[in-house]
Amino acid sequence: MNDRILAAIRSVPWAIMPGYLEAIEAMAIRALDHPAVQAVAEDGHVERHFEAIAQMGERAAGTRSAAIRDGVGALPIFGPILPRAAMMNPSGGGAVALDLLAADFRVLQADAAVRKILLVVDSPGGVTTDIAQFARMVAQSPKPVFAHVTGMGCSAAYWIISQANQISIDATAMVGSIGVMMGGSVQENPDQAGRRDIAIVSKNAPNKRPDLTTEEGRAVISGTVDALEDVFIAAVARGRGVTEAVVRSDFGQGGVLAGGPAVKAGMADRVEADGLDGAIRRLATRTSSTRRTAAENNLKLAHARAGL
């Protein structure tokens, strides 16, 4: 049974921090003493989430998790991202479902009391399914959308927030991990019952079950994740107003950047000295900012690299 659970998890592409995918796999098979699970449990995310919720304001009517404070509608994106609530366990499991997130986002767009929307983010990323669609909702919002990262705005989460008008981050927050991964496993010995699983595919569908023990089989998977990465990078480039070449060379190359270095690279716009509370206060008093142009971003990057 555990092998089938892991096979299901590994059968879909993920845009997520590698350690978190390892933890998701371990939790799925109830290996709660796995080092990756322990590392996630001890990374302080629970405390960060409670602190953020306390600063976001009063619950927005008609939403599951959004809040309103001084005309700013705050929408939390906490934990791994999954496409639908049906994929989560009844307690939520510390994950966020895109279908519920989109529903709350639409409520904030329609609420006359909300002048600006703030995505409050602490997420390692998640499954790539439907990420592009939600990112387009952010990019095409009739109300200005901003993002603030309290802990992690990584991988699929960064895909989403790259479409916001501006990104602010805590001094120790991390953004990036741009890329896609997909795993697999190969049965080399019979299971405990002495059985070995064998899959037979039709003659015109050899790539339905590629042989991961061969270079050809691994190339099939690589082609899939590379194609998705191209979509990811193109979206980030559009959202941040830079070229795809800049994203590929300066935006971490799959790694993450924190605080000031992330701003200098153009992955974020400002380090928020007063954290989330400061971001909300700033947005509550400032006039709506328009989306920055590519020229503005390129000028900012040039100044940063020149030390101006």
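What comes next is a walk through the structure. Each residue is numbered by its place in its chain's sequence as written, counting from 1. Restriction of local features to residues with pLDDT of at least 70 applies here, the model being predicted, together with a cutoff of 80 or more for giving and counting side-chain atom pairs; totals for whole chains, interfaces and linings are based on all residues. Only hydrogens and water are set aside when side-chain values are computed; all heavy atoms of the structure are taken into account.

**Concerning helix H11 (residues 275–285)**
Where we set the bar: Only protein chains enter the accessibility calculation, which uses a 1.4 Å probe; a residue whose area is less than 20% of its type maximum is buried, one above 50% is exposed, and one in between is partly exposed. The helix and strand labels rest on DSSP assignments: H or I over at least four residues marks a helix, E over at least two residues marks a strand, and numbering proceeds from the N terminus.
Most of H11 sits inside the fold, with eight of its 11 residues counted as buried. Within H11 the residues assigned to the buried category are Gly-275, Leu-276, Gly-278, Ala-279, Ile-280, Arg-282, Leu-283 and Ala-284.

**Focus on helix H8 (residues 215–240)**
Structurally, the α-helix is built with 3.6 residues per turn, so residues lying three or four positions apart point the same way. Stated precisely, the cut-off is as follows: One less than the residue count of a helix, multiplied by 1.5 Å, gives the span that helix is expected to have.
Across its 26 residues, H8 extends 36 Å between first and last C-alpha, which sits within 8% of the 38 Å expected from 1.5 Å per residue. Listed as buried for H8 are Gly-217, Ile-221, Val-225, Phe-232, Ile-233, Ala-234, Ala-235, Val-236, Ala-237, Gly-239 and Arg-240.

**Some thoughts on the pattern of salt bridges**
Using the following cut-off: Take a side-chain nitrogen of Lys or Arg and a carboxyl oxygen of Asp or Glu: if they are within 4 Å of each other, that pair is a salt bridge.
Applying the stated criterion across every chain, the model contains eight salt bridges. The partner of Arg-69 in a salt bridge is Asp-277, and the shortest N-O contact between them spans 2.7 Å. Of the two residues, Arg-69 sits in strand E3 (residues 67–69) while Asp-277 sits in helix H11, which places them 208 residues apart along the sequence. Under the relative-accessibility criterion, Arg-69 is labelled buried at 17%. Taking the shortest distance from any N to any O, the salt bridge between Asp-277 and Arg-281 comes out at 2.9 Å. Of this pair, Asp-277 and Arg-281 both sit in helix H11, four residues apart, roughly one helical turn. The class of Asp-277 is partly exposed, set by a relative accessible area of 23%. For Arg-281, a relative accessible area of 38% corresponds to the partly exposed category. Put simply, Arg-69, Asp-274, Asp-277 and Arg-281 are held in one network by salt bridges that share partners.

**Side note on the side chain of Ser-162**
Stated precisely, the cut-off is as follows: The definition of a polar contact used here is a pair of N or O atoms within 3.5 Å, where within protein one atom must be able to donate a hydrogen and the other to accept one, and adjacent residues in sequence count solely through side-chain atom pairs.
You can see Ser-162 is positioned in the loop between helix H7 (156–161) and strand E10 (166–169). By relative accessible area, which is 0% here, Ser-162 ends up buried. At 2.8 Å, the side chain of Ser-162 forms a polar contact with the backbone oxygen of Trp-159.

**Let's talk about the packing of aromatic side chains**
Under the convention used in this document: Here a Phe, Tyr or Trp ring, Trp counted by its six-membered ring, pairs with any other such ring whose centre lies within 6.5 Å, and the pair is stacked when the planes are under 30 degrees apart, edge-to-face when over 60, and tilted otherwise.
Using the criterion set out here, one finds two aromatic pairs in the structure. Consider the rings of Phe-105 and Phe-134, whose centres lie 5.7 Å apart with planes at 70°: the pair is edge-to-face. Remark: Phe-134 occurs in helix H6 (residues 131–139) and Phe-105 occurs in helix H5 (residues 98–110); sequence separation between them is 29 residues. Residue classification places Phe-105 among the buried residues on the basis of a relative accessible area of 0%. For Phe-134, a relative accessible area of 3% translates into the label buried. Taken together, a centroid distance of 4.6 Å and an interplanar angle of 15° make the contact between Trp-159 and Phe-232 stacked. Of this pair, Trp-159 sits in helix H7 while Phe-232 sits in helix H8, and the two are 73 residues apart along the sequence.

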